[in-house]
Amino acid sequence: MDKILVLNFGGQYDQLIARRIRAAHVYAEIRNYNKITPDEIRVAGYRGIVFTGGPNSVYDDTAPRCDKRVLSLGIPVLGICYGHQLLAFLAGGEIAPAETGSEYGKTTLRAEESVLFADVPRESVCWMSHTDAVQTPPAGFRVLASTAHCAVAAIGDDTHKLYGVQFHPEVTHTQYGDRVLQNFVFRVCGCKGDWQMDDFLETAVAHYRQTLAGKKVILGLSGGVDSAVAAVLLHKAIGDALTCVFVDHGLLRKGEGDYVEQTFRGRFGIRLIRVNAQERFLTALRGVTDPEQKRGIIGEMFVRVFEEQAVALNSTDVLAQGTIYPDVIESGKGDSATIKSHHNVGGLPKEMLFRSVVEPLRDLFKDEVRAVGEKLGLPRELVWRQPFPGPGLGVRVIGEITEEKLAILREADAIFRETLDGALSPLPNQYFAVLADTRSVGVMGDARTYGYTVALRAVTTDDFMTATWTRIPFDLLEQASNRITNEVRGISRVVYDITSKPPATVEWE
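Criteria and cut-off values
- Residues numbered from 1 in each chain as written.
- Predicted model: local features only at pLDDT ≥ 70, side-chain atom pairs only at ≥ 80, totals over all residues.
- Heavy atoms only, no water.
- Pairing = 2+ DSSP bridges.
- Helix = DSSP H or I, 4+ residues; strand = E, 2+ residues; numbered from the N terminus.
- Axes fitted to C-alpha atoms, helices over the stretch in contact; angles between N-to-C directions.
- Buried < 20%, exposed > 50% of the residue type's maximum accessible area, 1.4 Å probe, protein only.
- Contact = heavy atoms within 4.5 Å.
- Phe/Tyr/Trp six-rings, centres within 6.5 Å; stacked < 30°, edge-to-face > 60°.
- Parallel < 35°, antiparallel > 145°, perpendicular 65-115°, else oblique.
- Left-handed = near helix turned anticlockwise from the far one by under 90°.
- Nonpolar A, V, L, I, M, F, W, Y, C, P; charged D, E, K, R; others polar.
- Core = buried A, V, L, I, M, F, W, Y, C linked by side-chain atoms within 4.5 Å.

Caption draft 1: Structural context of the sheet that holds strand β14 (residues 271-276). Strand order across the open sheet formed by five strands is β14-β13-β12-β15-β16, with parallel pairing between neighbours. In the strand order of this sheet, the two ends are held by β14 and β16 (356-358), each with one partner. Taken pair by pair, the neighbouring strands of this sheet meet at an average axis angle of 30°, ignoring direction. Pairing geometry for strand β15 (residues 318-320) and β16, over three bridges, is parallel. Bridge pairing in β16 links A320 to V358.

Laid out in structure tokens, this is it:
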């Protein structure tokens, strides 16, 4: 099996690079730059190496750098963003702050003829995000592409098969990014493209059957696709040693708790326990407004409930979660910057009763999770169900959480989803309502009102690392707005969020 090494230098998109490569049916493996030696790379049989981006300046003394011998292994290398600068730096080039300052967002790329840009138009759109730039390419390299503000947007040494791109080919905003990556993987590295998602599933089931043998596992089931797939995968591996615990924390969507229980109880042969913990969660969150503090409280409360159930079942060996890669990367991983802590990653308490935590989907993106779910035979309505964060409405009520606000948001959110369901095709990848922590003046029946503002959010994405706001027809937005303001007491204004990710995240908190 051909495989590509993704050498991580703390970038936000290391797993996204691996995902793009895996989508081309070539196995990609991520290793931290300081956790693998050139000799280990050489004997592992990698067909190519990708240097990821990162938040540092390569010329700083504390910047993450791999051994320069990696460039002399005879294995093709592609550097991306920081990795592009690092490749040039290690090979003797000059890197300095960009003369025009930072370059961020979509820009026009002008490419020269080369193997890396084969079948890519002379001009196309790419996504830039950098403050440093390669000023002088190393000896033996030629400039392969440029932009209006970056003279050295790509470099290449065809003799030694070393290439670098300042832009991010792995994000969907780069028009021909997949083509650039595939040119490297297939034309430069000579990979065949024979890896399948079935390989992941078979390997994961065999791995957990072995490593969890003789242990009892408690899985936190939210009812979303991530925890559902994790549950069925682990049940396939360890059978009745798995118990799913569904915590009704009072932060669920309208009808959510009953749906989860009806869907799972008896359908998959998995033991399910439903715990009513609404009062405990809302009491712990009373007066809290900071989103990171909310996530930390919710994460700890989840674990404490799981621990209580584990003690009652004499099952404190392993806690399993449906964590997926976007959760991990936003919560900060290794040298990556923290964007927001997820309740099941950065929100976990340091001290837990469980001896270990298992996250079988930790390296997968949402679309890959759904592919695994279909392979496992989960019903389509569950596999393609709307994503819902573990903290639930707790991160969609901006500011302090109260029962009144939750009741208002549940109704508004249900109306928005009802408006789009069946009326829009294809549906956005995620769509929901947010209750802002602001009030505004309105008028109803010739009388003054002073109610909350609801923000509607809908995004289109294939990986949830980047996303664009969905262009919903105005008549549907008007229909949702009219219903919300007329049917939900306490709301005087409805707005639509037209911010993409980045710079925003999908959720508001």
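Past the structure itself, the notes keep going.
Caption draft 2: Looking closely at helix α11 (residues 366-375). Here α11 has its buried residues at K366, E368, V369, R370, V372 and G373. Buried residues in α11 make contact with α1 (14-23), α5 (197-211), α6 (225-238) and α12 (380-383). Trailing α11 by a residue or two, G377 shows a phi angle of about 85°, which is positive.

Caption draft 3: Expanded view of unusual backbone geometry. The step from K501 to P502 runs through a cis peptide bond, and the omega angle for that step is -15°. By secondary structure assignment, the location of P502 is in the segment after β20 (491-496). The omega torsion of the bond from P502 to P503 falls at 15°, within 30 degrees of zero and hence cis. In this fold, P503 is placed in the segment after β20. The backbone phi angle of C81 is positive, close to 55°, even though this residue is not glycine. Assignment of secondary structure puts C81 in the loop between β4 (77-80) and α3 (82-90). For C81, a relative accessible area of 5% gives the class buried.

Caption draft 4: Region of the structure containing the packing of aromatic side chains. One pass over the full model with this rule turns up ten aromatic pairs. Ring centres of F9 and Y82 lie 6.0 Å apart, and the angle between their planes is 50°; on these two criteria the pair is classed as tilted. Of this pair, F9 sits in the loop between β1 (3-8) and α1 while Y82 sits in helix α3; the two residues are 73 residues apart in sequence, bridging distant segments of the chain. Overall, Y82 belongs to the buried group, its relative accessible area being 2%. For the ring pair F281 and F302, a centre distance of 5.4 Å and an interplane angle of 65° mean the geometry is edge-to-face. Here F281 is found in helix α8 (residues 278-285), whereas its partner F302 is found in helix α9 (residues 291-313), with 21 residues between them in sequence. In this structure F281 comes out as buried when scored by relative accessible area, which is 0%.

Caption draft 5: Here's a closer look at the packing of α8 against α9. Relative to each other, α8 and α9 sit at 150°, their axes nearing to 10 Å. Here α9 runs roughly antiparallel to α8, going by the angle between their axes. Here α8 and α9 pass one another in a crossing that is right-handed. Contacts between α8 and α9 involve R280, F281, A284 and L285 on the former and, on the latter, K294, I297, I298, M301, F302, R304, V305 and E308. Residue composition of the contact of α8 with α9, grouped by class: eight nonpolar, no polar and four charged.

Caption draft 6: Up close: the pairing of strand β13 (residues 242-248). With seven of seven residues buried, β13 lies mostly within the body of the structure. The alternating pattern of β13 places L242, C244, F246 and D248 on one face and T243, V245 and V247 on the opposite face, and all of these are buried. The pairing of strand β12 (residues 217-220) with β13 spans four bridges and is parallel. For V217, the partnering residue across the bridge sits in β13 and is L242. Strand direction decides the pairing type here: β13 and β14, joined by six bridges, are parallel. Note on β14: the bridge partner recorded for C244 is L272.

Caption draft 7: Main features of the nonpolar core. The biggest cluster of nonpolar side chains holds 91 residues, and the ones touching the most others in it are L219, L233, V372, L378, L456 and I472. Sort the elements by how many residues they give to this core and α6 lands first, with ten residues. Listed in part, the 33 residues of the second largest apolar core include V50, C150, V165 and V185.

Caption draft 8: Expanded view of the pairing of strand β11 (residues 162-165). Neither face of β11 is open: one carries L162 and G164, the other Y163 and V165, and all of them are buried. Counting the residues in the hairpin turn of strand β10 (residues 150-157) and β11 gives four residues, including K161, whose phi is positive at 55°.

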